[in-house]
Amino acid sequence: YELIEVAAPDGYTVVSSFEFVIKDGVITEIQAQTDGDAVYGKKAVLNEDGTEKTDENGNVIYEDDLTKLIVLDQKSTLTINKEAVGGAVLASDAEFKLSADDAQSLIGVTVAGHKITEDDLNEDGSYTFTGNSTEIKGLADGTYTLEETAAPSGYTVVTAFTFTIEDGIITGVDVETDGDADYSEDGTVLTVYDDISTITINKEAAGGEQLETDAEF
């Protein structure tokens, strides 16, 4: 038989398909074809009197339950990378604000190893973090807004853009303002690009007269 998981629980990636074999009423073989995994269930080994068998340390002994199939999904994992246009090395970290645009909350999502609690959220329900390469685990399917509130020194900010999570991976990015952002083919890496900040200094004469020589600053 082939079993296809077409939609995973929020915050997890799908096991897109796997095969299992039934013989004499029990599962005899499991083979995951793509992401995730599938395994046999477990049951306690019983003594002849029906009690659970234990080892010398008193722990219950388990064996494969060939009548149960367990599908294991992985938590969705997204990496947000911050890069300079042209590939220059960034001397300092960017600061970002992540917001959930749909009904879901960011509570329970893990950012850079920290599991977000209600106390971590800003008044608008967003979460602020810093870093040029940040791992985020457990984002539920939906649309999110990422705003760069502070760029690395010498660069301009990408003020805001949205991205969409479906089945635990990125499926779209919409840059609303300055800068640029894109995502990897497998939907697990979101890269934000900043331009070097640029200013122009003009020297003019009061009244608009033409200057015949250059100024020195």
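Anyway, here's the lowdown on the structure attached to this text. (Residues numbered from 1 in each chain as written. Predicted model: local features only at pLDDT ≥ 70, side-chain atom pairs only at ≥ 80, totals over all residues. Heavy atoms only, no water.)

Below, the discussion takes up the nonpolar core. In terms of nonpolar packing, the biggest core is built from 24 residues, with L98, F129, L139, L146 and F163 touching the most fellow members. Broken down by secondary-structure element, the contributors of at least two residues to this core are strand 6 (77-84), strand 7 (95-100), strand 10 (127-130), strand 12 (142-150), strand 13 (161-166) and strand 16 (189-194). Among the elements that line this core, the one with the most residues is strand 13, at three residues. When sequence neighbours within four positions are dropped, the list of residues in contact with F163 reads L78, L98, L139, G142, T143, Y144, L146, I170, G172, V173 and L190. F18, F20, I27 and A38 belong to the second-largest nonpolar core, a separate cluster that totals five residues. (Core = buried A, V, L, I, M, F, W, Y, C linked by side-chain atoms within 4.5 Å. Buried < 20%, exposed > 50% of the residue type's maximum accessible area, 1.4 Å probe, protein only. Helix = DSSP H or I, 4+ residues; strand = E, 2+ residues; numbered from the N terminus. Contact = heavy atoms within 4.5 Å.)

We now examine unusual backbone geometry. At D24, a position not held by glycine, the phi torsion is positive, near 55 degrees. Within the secondary structure, D24 is located in the loop between strand 2 (18-23) and strand 3 (26-32). One non-glycine residue, A112, lies in positive phi territory at about 55 degrees. For A112, the location among the structural elements is in the loop between strand 8 (110-111) and strand 9 (114-115). The exposure class assigned to A112 is exposed, which follows from its relative accessible area of 59%.

Let us now look at the side chain of T110. Within the secondary structure, T110 sits in strand 8. Once residues lying within four places of it in the same chain are set aside, the contact partners of T110 are K115, E135, I136 and K137.

Summarising the element assignment, D65 is placed in strand 5 (residues 62-72). No salt bridge forms around the buried D65; measuring N to O, its nearest opposite-charge neighbour K68 is 4.1 Å away. Residues contacting D65, with those up to four places away along its chain left out, are Y40, G41, K42 and K43. (Lys, Arg positive; Asp, Glu negative; His and termini not counted. Salt bridge = Lys/Arg side-chain N within 4 Å of Asp/Glu carboxyl O.)

With that out of the way, let us pick up the sheet that holds strand 13. Sheet architecture is open: five strands sit in the order 10-7-12-13-14, paired in antiparallel fashion. Here the strands that pair on one side only, and so sit at the sheet edges, are strand 10 and strand 14 (169-175). Pairs of neighbouring strands in the sheet enclose a mean axial angle of 25 degrees, with direction left out of account. In terms of strand pairing, strand 7 meets strand 10 through four bridges, oriented antiparallel. In the sheet register, E95 faces strand 10, and the bridge partner there is T130. (Pairing = 2+ DSSP bridges. Axes fitted to C-alpha atoms, helices over the stretch in contact; angles between N-to-C directions.)

Tallied over the entire structure, the rule returns four salt bridges. Between D124 and K97 there is a salt bridge whose closest N-O contact spans 3.5 Å. With D124 in the loop between strand 9 and strand 10 and K97 in strand 7, the pair connects residues that are 27 residues apart, well separated along the chain. Take D124: its relative accessible area is 52%, and that puts it in the exposed class. With relative accessibility at 21%, the residue K97 sits in the partly exposed group. A single salt-bridge network, built from bridges that share partners, covers K97, D124 and E147.

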